[in-house]
Amino acid sequence: MKKSILFTGILFVMHTSCNQQPSVTVGYAGEDISRNATILRDQNNNQIVLDLKTEGKWELYAGPSVEKINLDKPVAQGTSSGRYQPDIDTTVRNYFELVTPSGKAILAERRLPLQGSYNFRDLGGIRTRDGRYTQWGKVFRSDDMMHLTEKDLDYLSKIPIKTVVDFRSETEIKQSPDQKIPSVSNSYIYAITPGNITSLPFEDIARLTTQESDSLMKSVNKQLVTDSSAIEQYRKFFALLQEEENIPLVFHCTAGKDRTGYGAYLFLSSLGVDEQTALQDYLASNNYLAAKYGSYMEKYPDLKPLFEVRPEYLKTAIDQIRKEHGNVENYLTNVLNVDIEKMRELYLY
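Now for a look at the structure at hand. (Residues numbered from 1 in each chain as written. Predicted model: local features only at pLDDT ≥ 70, side-chain atom pairs only at ≥ 80, totals over all residues. Heavy atoms only, no water.)

## Some details on unusual backbone geometry
Here is the rule we go by: By definition, any uninterrupted DSSP run of H or I lasting at least four residues is a helix, any uninterrupted run of E lasting at least two residues is a strand, and each is numbered from the N terminus.
Along the chain, Ile159 connects to Pro160 via a cis peptide bond; the corresponding omega equals -5°. Residues Ile247 and Pro248 are joined by a peptide bond in cis, for which omega reads 5°. You can see Pro248 is positioned in the loop between α6 (228-241) and β13 (249-252). Of note, the phi angle at Asn46 is positive, near 60°, even though the residue is not glycine. Mapped onto the fold, Asn46 is located in the loop between β2 (37-41) and β3 (48-52). At Asn337, a position not held by glycine, the phi torsion is positive, near 60°.

In C-alpha cells:
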C-alpha cells in the first residue's frame with residue numbers, strides 16, 4: 001500500500017513537471033531582429049509607428065517600462081512587413097517587446113519626442129560584441145534643455161529622469177539655463193571647456209576657413225582625452241554611472257555632439273560595444289541637429305565643421321587614447337577608474 005502511494009506521488013510530480021509552462025519574460029532571444037524593426041514617431045499625427053521587416057506572424061507588446069511590458073495582450077500584431085500604429089497612449093514613454101518566429105527584442109523610440117530638444121536620445125538597445133544589448137531607459141544623452149516645454153518636462157518625469165549631468169561651462173549655463181525636470185533629485189555641473197566653442201570671440205570664429213574649422217574640431221577632440229580637467233570630469237561622470245541610485249540619468253552639453261558624443265562613446269565602449277557601432281551613434285547627431293543648426297550652416301558655410309560631427313573627429317580622440325594607453329579599455333580602467341564588470345552588470349541585458 002505504501003509503495004503504491006509512493007509510486008502515485010512520483011507520477012504526479014513527474015506529470016506536473018513535464019506539463020509546467022516555462023515562465024514568460026521580457027528580453028532578447030533568437031536572431032537579432034532589432035536590425036529589422038524600428039519604433040518611429042509619425043510627424044504628421046504624432047503617433048508611434050512600428051516599421052517592420054519580417055516573415056510570419058508577429059506580436060508587439062508594450063509597457064511604461066521594460067519591467068512593466070504587458071505580455072498578456074499585444075498592442076499590434078500581423079503576418080507581414082509594413083508600418084503599423086500600436087494602440088497605446090503616446091503622451092508617455094513606451095517600451096516594446098517584439099516577438100517573431102525567429103526571435104524577440106526590446107524596442108523603443110531612439111530620439112525622445114520632445115518639442116524643446118533636438119538631440120535627446122536613449123542609449124538602449126545597442127548590440128555589444130558578445131551579442132548582448134544595452135538596457136533601455138537607463139542612460140540618455142542630449143543637447144541643452146533650455147527650451148523644454150511643460151509637456152516635455154512631464155514626459156521626462158514619468159520615465160522618471162533622476163539625475164542630470166551638464167558638461168557646459170558656467171557661461172553657457174547662464175546663457176541657456178536648463179529647465180528643471182520635476183523628477184530630478186540630483187544635478188551636477190561637470191564643466192568641460194575644450195568642447196566649448198562658444199567661449200571664443202564670435203569675430204574670431206567668423207573668420208575661420210573650412211580647413212581651420214575642421215582642424216579646430218580635431219584639436220577639441222584630442223583635448224577631451226588629454227586635458228586634465230576634462231579627464232577629471234569624465235571620471236566623476238563614470239562614478240555617478242556606477243551608482244544605481246543615480247539612474248535613469250541624462251548627460252548633455254550645448255549641442256550634445258562633442259563633449260556628450262565623446263562621453264557616449266566611452267559609455268558604450270565600457271559595455272563592449274564595438275567602435276563602428278559606437279561611431280554610428282556618434283554620427284546620428286548630424287540627423288537630429290540639422291534643424292537646429294541648418295540656418296547657421298547656410299549663413300556661415302566655412303563654419304559647417306563646427307556644427308557637425310565627422311568620423312575623423314571622434315577617431316582623433318580614439319587615436320590619442322591608443323597612443324597613450326594602448327586601448328580604450330585601459331583608458332577607462334586605469335584613467336577614469338571604471339569598473340567594467342560592474343558597468344556591464346548595471347547596463348546590459
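## Thoughts on the packing of aromatic side chains
One pair of aromatic rings is described through two measures. These are the centre distance and the angle between the planes. We count it as follows: Two rings belonging to Phe, Tyr or Trp (six-membered ring only in the last case) form a pair when the distance between their centres is within 6.5 Å. Interplanar angles under 30 degrees mark stacking, angles over 60 mark edge-to-face geometry, and anything in between is tilted. The cut-offs for exposure are 20% and 50% of the maximum accessible area for each residue type, with area from a 1.4 Å probe on protein chains only; residues under the lower value are buried, those over the upper are exposed, and the others partly exposed.
This structure, assessed with the given rule, holds 15 aromatic pairs. Ring geometry for Phe120 against Phe140: centres 6.0 Å apart, planes inclined by 55°, an arrangement best described as tilted. Of this pair, Phe120 sits in the loop between β8 (103-107) and β9 (121-122) while Phe140 sits in strand β10 (residues 139-142), placing them 20 residues apart in sequence. Grouping residues by exposure puts Phe120 and Phe140 together as buried. Among the aromatic side chains, those forming a connected cluster through ring pairs are Phe167, Tyr234, Phe237, Phe238, Phe251 and Tyr262.

## Some words on the pairing of β3
Heads up, the rule is: Strand pairing requires that DSSP identify at least two bridges connecting the strands.
By the criterion of burial, β3 is predominantly enclosed, with four of the five residues buried. In this sheet, β3 lies alongside β2 in antiparallel orientation, the contact comprising five bridges. Bridge assignment links Ile39 to a residue of β3, and that residue is Leu50. Hairpin remark: β2 followed by β3, antiparallel, with six residues in the connecting loop; positive phi at Asn46, about 60°.

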